[in-house]
Amino acid sequence: QVQLVESGGGLVQAGGSLRLSCAASGRTLNTYAMGWFRQAPGKEREFVAVISWSGSIIYYQDSVKGRFTISRDNAKNTVYLQMNSLKPEDTAVYYCAHAGASIGDFGSWGQGTQVTVSS
């Protein structure tokens, strides 16, 4: 099992920026990819971005493409989400997740960090 701890959430005005971090610990030997998801009040959790640990595969949800950047530091077992040009519709709890065997095999999840974007 992998333990994940997110940080970096907060309250910002529309157009502002935040950088989320997620540090992984525990059984990280077979990390294949890490990703970010979000869940707004009353809505289902949705995919935001994912990066393979090799860095060769990166996917973004269309609504964040060009504004968000996912990256990773393999030595620190940490994944980041740089969020620029934030919009009120980006308001949600953001979760990081760890995949050990394939791009969609997310078996471990963080507790989430709140991102609120005001207009």
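See the structure above.
Just so you know, these numbers come straight off a predicted model, no measurement behind them. (Residues numbered from 1 in each chain as written. Predicted model: local features only at pLDDT ≥ 70, side-chain atom pairs only at ≥ 80, totals over all residues. Heavy atoms only, no water.)

Peer 1: Is there a simple way to explain the overall build of the chain in this structure?
Peer 2: Scanning the chain from terminus to terminus reveals zero helices and eleven strands. Along the chain, helices and strands appear, N-terminal first, in the series β-β-β-β-β-β-β-β-β-β-β. For the chain, the spread of C-alpha atoms along the principal axes amounts to about 40 × 25 × 25 Å. Burial status across the chain gives 41% buried among its 119 residues. Across the chain, the fraction of contacts at a sequence separation of at least 24, relative to all contacts at a separation of at least 6, is 53%. As displayed, the chain has an accessible area near 6,100 Å², and 48% of this comes from carbon and sulfur atoms. Averaging the locations of the 10 positively and 8 negatively charged side chains of the chain gives two centres separated by 5 Å. (Helix = DSSP H or I, 4+ residues; strand = E, 2+ residues; numbered from the N terminus. Buried < 20%, exposed > 50% of the residue type's maximum accessible area, 1.4 Å probe, protein only. Contact = heavy atoms within 4.5 Å. Areas by Shrake-Rupley, 256 points an atom, 1.4 Å probe, with all protein chains shown as cover. Lys, Arg positive; Asp, Glu negative; His and termini not counted. Charge placed at Lys NZ, Arg CZ, Asp CG, Glu CD.)

Peer 1: What is the right way to look at the environment of G100 in this model?
Peer 2: Structurally, the position occupied by G100 is in the loop between β9 (92-99) and β10 (106-109). Residues G100 and M34, spaced 66 residues apart in sequence, show a C-alpha to C-alpha distance of 8.7 Å. Once residues lying within four places of it in the same chain are set aside, the contact partners of G100 are N30, T31, Y32 and D105.

Peer 1: Would you explain the side chain of H98 in this entry?
Peer 2: By the element assignment, H98 lies in strand β9. A polar contact is formed between the side chain of H98 and the side chain of T31, at a distance of 2.7 Å. Excluding its chain neighbours within four sequence positions, the residues that come into contact with H98 are V2, L4, R27, T31, A33, M34, D105, F106, G107 and S108. (Polar contact = N/O pair within 3.5 Å; in protein donor to acceptor, adjacent residues only side chain to side chain.)

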